[in-house]
Amino acid sequence: MMSPLELTDDQKKLLYLISQFSNIGRNLEDPDVWLKELALRTFIFQGIIDQVFTGYDYAPLSVDTVNGRMFFNISQEAEDDIVDLRQLDLVECLKLISQSSKMISAYRVTKKGFKIGIPEEYMRKMDKIIRCNQCNELLSVRYEKNPQDNIYLMCKSCNSRTDSDITTIEDISYSSKPYFPKFPFYINYARRDEKYGYLQIDDKKTIKIFLRAKERNDDKEPEEWRLQ
Ligand SMILES: [Zn+2]
């Protein structure tokens, strides 16, 4: 297992991100503060597109949220790093049940996590993602249903808001071509005398694979085929 001294650059930035929304409360005047998963994922996404995280990528993932099933651009590398930070006891996770009986995760940096030194340059870069560029207050992540599912970052102090593209799924163009194994199959519309079997393409462009069930020893023996 890795030690806290071996944290990667991205793990340090991630730890700093969570720490800014964490508080280990001591009493009612100093309450516990946790960062909800949706907000964390949104800040991570913003950090990727603004190139603060250098080793993370993202891909669309369907997530069951309090607001129903939605697609988010989620970074699997960051999710893995959250697991690593938890295993190192630098971040802890709280599971909550929402009013609609959905499970929500929230994260907080531990006492041990707060002691990790973060390079100032990383803090500066991450602050540009999580703080308002007008008044430097921490941003909060909000969801609105109309006109369509939308996640935005807002500053409560100056009421400014920026839309996040975390729910904007990019079109990825795929190109593909059919692959037919050359052996032992042959594309054959009429003949059925191939040694092992043949492919048949019908009018509906459905490909059927026929395998010879039994090898014939002579021409008189009936042919047996089975559809694969
Ligand atoms: Zn502000």
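Whatever comes next refers back to the structure up there.
Just so it is clear, the model here is predicted, and its values are computed rather than measured.

**Remarks on the overall build of the protein chain**
Item 1. Within the protein chain, the regular secondary structure consists of five helices and eleven strands.
Item 2. When the 228 residues of the protein chain are sorted by exposure, 24% land in the buried category.
Item 3. Taking contacts inside the protein chain between residues at least 6 apart in sequence as the whole, the part at least 24 apart equals 44%.

**Some points on the pairing of strand 7 (residues 150-154)**
Item 1. Residue alternation in strand 7 divides its side chains into a buried set, I151 and L153, and an unburied set, N150, Y152 and M154.
Item 2. Here five bridges tie strand 6 (residues 140-144) to strand 7, and the two strands are oriented antiparallel to one another. Looking at strand 7, one finds that V141 is bridged to L153.
Item 3. In this structure, the hairpin formed by strand 6 and strand 7 is closed by a connection of five residues.

**A closer look at the sheet that holds strand 1 (residues 35-36)**
Item 1. Strand order in the open sheet formed by three strands is 1-5-4, and the pairing between neighbours is antiparallel. Either end of the sheet is taken by a strand with one partner, and the two such strands are strand 1 and strand 4 (91-97).
Item 2. Judged from the seven bridges that link them, strand 4 and strand 5 (residues 103-109) form a sheet pairing that is antiparallel. Residue L96 lies in a different strand from strand 5, and its bridge partner there is I104.
Item 3. Across the face of the sheet, helix 1 (residues 9-19) comes into contact with strand 1, strand 4 and strand 5 while running at roughly 105° to strand 5.
Item 4. Relative to strand 4, helix 3 (residues 76-87) is tilted by about 110°, and along the sheet it contacts strand 4 and strand 5.

**Quick notes on the packing of helix 2 (residues 37-49) against helix 5 (residues 120-130)**
Item 1. Between helix 2 and helix 5, the shortest axis-to-axis distance is 9 Å and the interhelical angle comes to 115°. Viewed along their axes, helix 2 and helix 5 form a crossing whose handedness is right-handed. Residues F43, Q46 and G47 of helix 2 form the contact with helix 5, whose participating residues are M126, I129 and I130.
Item 2. Here the contact of helix 2 with helix 5 is composed, by residue class, of four nonpolar, two polar and no charged.

**Section: the nonpolar core**
If you look at soluble globular proteins, the nonpolar side chains tend to sit buried side by side.
Item 1. Counting 37 residues, the largest nonpolar core has L15, I18, L35, I44, V91 and Y107 as the members making the most contacts within it.
Item 2. Counting residues per element, the ones that place at least two in this core are helix 1, helix 2, helix 3, strand 5, helix 5 and strand 7.
Item 3. Of all the elements, helix 2 adds the most residues to this core, at seven residues.
Item 4. Apart from residues lying up to four places away in sequence, L15 is in contact with L85, L90, V91, V109, G113, I116 and I118.

**Let's talk about the sheet that holds strand 7**
Item 1. The three strands lie next to each other as 6-7-8, forming an open sheet whose pairing is antiparallel. At either end of the open sheet lies a strand with only one pairing partner, and these are strand 6 and strand 8 (161-164). Across the sheet, the mean angle from the axis of one strand to that of its neighbour is 35°, orientation sign disregarded.

Cut-offs applied
- Residues numbered from 1 in each chain as written.
- Predicted model: local features only at pLDDT ≥ 70, side-chain atom pairs only at ≥ 80, totals over all residues.
- Helix = DSSP H or I, 4+ residues; strand = E, 2+ residues; numbered from the N terminus.
- Buried ≥ 20, exposed ≤ 12 C-beta atoms within 10 Å, placed from the backbone.
- Contact = placed C-beta atoms within 7 Å.
- Pairing = 2+ DSSP bridges.
- Axes fitted to C-alpha atoms, helices over the stretch in contact; angles between N-to-C directions.
- Left-handed = near helix turned anticlockwise from the far one by under 90°.
- Nonpolar A, V, L, I, M, F, W, Y, C, P; charged D, E, K, R; others polar.
- Core = buried A, V, L, I, M, F, W, Y, C linked by C-beta atoms within 7 Å.

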